[in-house]
Amino acid sequence: MEIRNIAIIAHVDHGKTKLTDAILQQAGVADSEVSMDSNTLEKERGITIYSKNAALFYKDTKINIVDTPGHADFGSEVERVLRSIDSVLLVVDAGEGPMPQTRFVLKKSLELGLRPILVINKIDRLAVNLDRVHNDVFELFAELGATEEQLDFPVVYTIAKDGIAKRNLADVAKDITPVLDIILEHVPVASKNSDKPFRAQPFNLAYDNFLGRLAIVRVHGGSVSVGDTVYVKKRSGPTTNHKVTKLFTFEGIVRKDAQTVGAGDIAIIAGLADVYIGDTLAKSANEALLESITVDEPTIELTFLTNDSPFAGREGKFVTSRQLRERLKKELEVNVGLKIDFGMQSAERFVVYGRGELHIAILIENMRREGYELQVSRPQVIIKEIDGKRHEPYEEIVADVPKEFQGTVIEKLSVRGAKLEHMELKEGRSFMQFTGPSRGLFGYRNQFVIDTKGNGILASRIIGYRSCAGEIAHRKVGSMISGFTGKALAYALDNLQNRGILYIKENTEVYEGMVIGNTAKGEQMTVNPIKGKHFTNIRAAASDEAINLTSPQIITIETGLEIMDKDEYLEVTPKGARLRKKYLTEIERKRAKRENGA
C-alpha cells in the first residue's frame with residue numbers, strides 16, 4: 001500500500017482543524033464527535049496547541065496527516081513536523097488572506113523544498129475576493145523565494161465546517177474528496193525506500209506512565225518490528241542501543257498496535273529511553289546520520305516558586321518544591337520548546353525559559369488544573385550578547401483594525417518601541433505591519449482589545465535578535481494593595497472603584513500585600529478593602545443609597561502575566577489566580593526599596 005504524508009499549516013483560526021476533522025469523518029475513521037483539538041484547553045480556546053497525528057485510507061492509499069499549531073508561540077512544533085512530511089496543505093482564510101503565521105510556516109516549507117497545496121477556506125463568507133487572496137498568496141510565495149515549481153501550486157476551495165470542497169469555483173461541491181484527490185495527484189509517494197536499511201527520525205515526543213518516553217517518528221527507509229534492537233545515534237553524544245517494546249501506527253486519531261512499521265510511515269516507538277528530537281534511529285551503529293532537526297530557542301524567561309502566601313496550601317494538592325520540580329521534569333519529557341534551570345541556589349526557585357507568554361501560560365494552566373499551587377515572577381525577554389552588544393528578540397506585528405482605530409494603535413505601539421513598516425486600507429479596515437521588541441508587547445494585547453473595542457486582530461511572530469531598543473514604559477497604572485487580611489466588603493470596594501479598576505468582587509478573601517486592583521493615576525496605594533460602614537443612630541439623606549459595584553477585571557493566568565509589575569508575583573492555585581507583592585507588608589516594601597537604591 002502506498003503512503004502519503006502531509007501536514008496542515010495555517011494562521012490561527014483559518015480552519016485547518018475543521019478541515020482535518022471533515023477529512024477524517026468522511027473517510028470513515030472518525031465520527032462527528034471526534035476532533036483533532038482533543039485537549040480540554042484546545043476545546044475551550046478554539047486553537048491548536050499541540051501537533052497531532054492522524055491517518056486515513058483512500059483509494060488503496062494510506063494518508064498520514066499532521067495537524068499543526070497556528071500560534072507563533074508553538075512555532076517549534078511546526079518546524080519539526082515539516083521535516084517528517086512530503087507536502088503541506090496551506091489553509092488560508094478567504095476573507096483575511098495570508099497572515100503573519102502563514103508567512104512563517106510557508107517560509108519553512110519552501111526552504112525544505114516542499115511544494116504546498118493551497119486551500120482557500122471559508123469561501124462562503126460575505127464579500128470575499130478570491131482573486132485578491134490568490135494573488136496575495138502568489139506574491140507571498142514569490143517574496144519568500146519560491147522556485148518555479150513551487151509557484152505553480154495547485155488550489156482547492158473549501159468550506160471546511162460544512163465538509164465540502166471543489167477544484168473550480170463553478171463546480172458543484174458535494175463532499176471533501178477533491179482535497180483527497182489533489183493529495184494523491186501532487187504529494188510524493190513516501191513508501192518507496194522499503195528495500196533500504198532501516199532509518200527513522202523522531203520529530204515529536206510523548207510520554208506514557210507504563211511505557212515511558214515515546215518517540216513519534218518518520219520511517220525514512222526499511223522497517224522495524226517489535227523486539228528489534230535499535231541504535232539511537234546522536235550528533236553529539238554516545239550511541240546507545242535499546243529493544244523496541246511497542247509499536248503503534250495511526251487509524252483516525254487513535255493509535256493502533258503494530259508488529260512491524262515500514263518505510264514512509266509515521267509511527268510511535270516505545271522502549272528508547274534516551275531518544276530525543278532529531279536523533280537517527282537505525283539497526284546498525286554504522287548507518288549515516290539523518291540531517292538534524294533544530295528546535296527554536298526560548299525567547300522569554302520567568303521564575304517558578306513554591307507558594308508562600310498567607311493562603312498557601314488551602315486549595316492545592318501539590319504544594320512542595322519537590323513536587324514542583326518533579327512536575328517540571330516530566331514536562332521536559334514532551335515539551336521540547338521549554339528549558340528549565342534547576343540549579344539555582346534556592347531549592348524552591350526554578351527558572352523556566354519558553355517561546356512566549358502563551359507557551360508558558362498553557363503550562364501553568366495545565367499544572368493548575370492538575371492541583372498544583374505555585375507562584376511565578378514577571379516574564380522578561382532573554383538578552384543575548386552578540387559582537388559585544390546587547391541584543392533582544394524582535395517580532396513582526398500585524399494589526400488589522402477598523403480605520404478609525406488606526407491612530408490609537410500606531411501611537412500605543414510606537415511608545416512600546418515598534419516601528420510602522422507598511423500600512424494599507426482595505427474596505428474600511430487598516431492593515432498595518434510593525435517590527436518591534438518582544439518586550440514591547442508585554443501587557444499590550446488586553447489594551448489592544450480595549451482600544452479597538454474588540455474589533456481588531458493582532459498577530460505577531462519572532463523574527464530574530466536585534467540591538468536592544470532601550471527603555472520601554474509599560475505600566476501607566478499603579479497597584480492597589482490590600483493592607484489588611486479578611487473578606488472584602490462591598491462598602492469599601494464602592495469607595496475604591498473610583499480610584500481605578502478592581503480585580504476582586506465583594507466577599508473575596510484578601511490578605512495583606514495582595515494586589516486587589518490598579519490605580520488610574522499610576523501611583524502605588526495601600527488600601528483597606530475590609531472596611532465596613534460605620535453605623536450610628538443618625539440618618540443622613542444619602543446614607544442609605546444602594547451600592548453599585550462595576551464588574552471587576554478578574555485575573556487569569558494570561559492577564560496576570562501581562563499586567564504584573566516587576567515587584568509582584570502571580571499566585572496560581574487550582575481555583576484561580578491572584579496578584580501579590582513580593583514583600584507583603586508596607587515596611588518590607590519600603591526597606592526593599594531603600595536597599596535597591598530606588
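Chemist: Could you clarify how one ought to interpret the overall build of the chain in this entry?
Modeler: Scanning the chain from terminus to terminus reveals 14 helices and 35 strands. A compact globule built from 598 residues would reach a C-alpha radius of gyration of about 25 Å, and the chain, at 27 Å, matches this within 12%. Dimensions along the principal axes, computed over C-alpha positions, put the chain at roughly 95 × 55 × 55 Å. Out of the 598 residues belonging to the chain, those deemed buried represent 52%. Working note: accessible area of the chain is about 27,400 Å², and carbon and sulfur atoms make up 47% of it.

Chemist: Please explain the packing of aromatic side chains as it appears in this structure.
Modeler: Geometrically, a pair of aromatic rings is defined through the distance of the ring centres and the angle of the planes. For the coordinates displayed, the defined rule picks out six aromatic pairs. On the numbers, 4.5 Å between centres and 35° between planes, the contact of Phe 141 with Phe 153 is tilted. A residue pair is termed long-range when its members are at least 10 positions apart, and Phe 141 in helix H5 (residues 130-143) and Phe 153 in the loop between helix H6 (148-151) and strand S6 (155-159) qualify at 12 residues. We note that Phe 141, like Phe 153, is buried. For the ring pair Phe 342 and Phe 350, a centre distance of 5.7 Å and an interplane angle of 65° mean the geometry is edge-to-face. Each of the two residues, Phe 342 as well as Phe 350, counts as buried. Put simply, the rings of Phe 138, Phe 141 and Phe 153 touch in pairs and so form one group of aromatic residues. A cation over an aromatic ring shows up here: Arg 255 above the ring of Phe 248, its NZ or CZ 4.6 Å from the ring centre.

Chemist: In this structure, what is going on with the sheet that holds strand S14 (residues 254-257)? I would like to understand it.
Modeler: Strand pairing in a sheet relies on backbone hydrogen bonds. The paired strands run either parallel or antiparallel. Ordered in space as S12-S11-S17-S8-S9-S16-S13-S14, the eight strands form an open sheet in which the pairing is antiparallel. The open sheet terminates on both sides in strands that have one partner only, identified here as strand S12 (240-243) and S14. If you compare each strand with its neighbour and ignore which way they point, the axes differ by 40° on average. With nine bridges connecting them, strand S8 (residues 199-208) and strand S9 (residues 212-221) associate as antiparallel partners. Paired with Ala 200 across the strands is Val 219, a residue of S9.

Chemist: It is not clear to me how the nonpolar core should be interpreted in this structure. Could you clarify?
Modeler: Within soluble globular proteins, side chains that are nonpolar generally end up buried alongside one another. Within the largest apolar cluster, 62 residues are counted, with the highest numbers of intra-cluster contacts made by Ile 120, Phe 141 and Leu 281. When near neighbours in sequence (up to four residues on either side) are disregarded, Ile 120 contacts Val 92, Ala 94, Leu 130, Val 133, Val 155, Val 156, Tyr 157 and Thr 158. In this structure, Leu 328, Ala 361, Leu 374 and Ile 557 belong to the second largest nonpolar core, which totals 31 residues.

Conventions used here
- Residues numbered from 1 in each chain as written.
- Predicted model: local features only at pLDDT ≥ 70, side-chain atom pairs only at ≥ 80, totals over all residues.
- Heavy atoms only, no water.
- Helix = DSSP H or I, 4+ residues; strand = E, 2+ residues; numbered from the N terminus.
- Rg over C-alpha atoms; globule rule 2.2 N^0.38 Å.
- Buried < 20%, exposed > 50% of the residue type's maximum accessible area, 1.4 Å probe, protein only.
- Areas by Shrake-Rupley, 256 points an atom, 1.4 Å probe, with all protein chains shown as cover.
- Phe/Tyr/Trp six-rings, centres within 6.5 Å; stacked < 30°, edge-to-face > 60°.
- Lys NZ or Arg CZ within 6 Å of the ring centre and 35° of its normal.
- Pairing = 2+ DSSP bridges.
- Axes fitted to C-alpha atoms, helices over the stretch in contact; angles between N-to-C directions.
- Core = buried A, V, L, I, M, F, W, Y, C linked by side-chain atoms within 4.5 Å.
- Contact = heavy atoms within 4.5 Å.

By themselves, these figures tell us nothing about what the structure is for.
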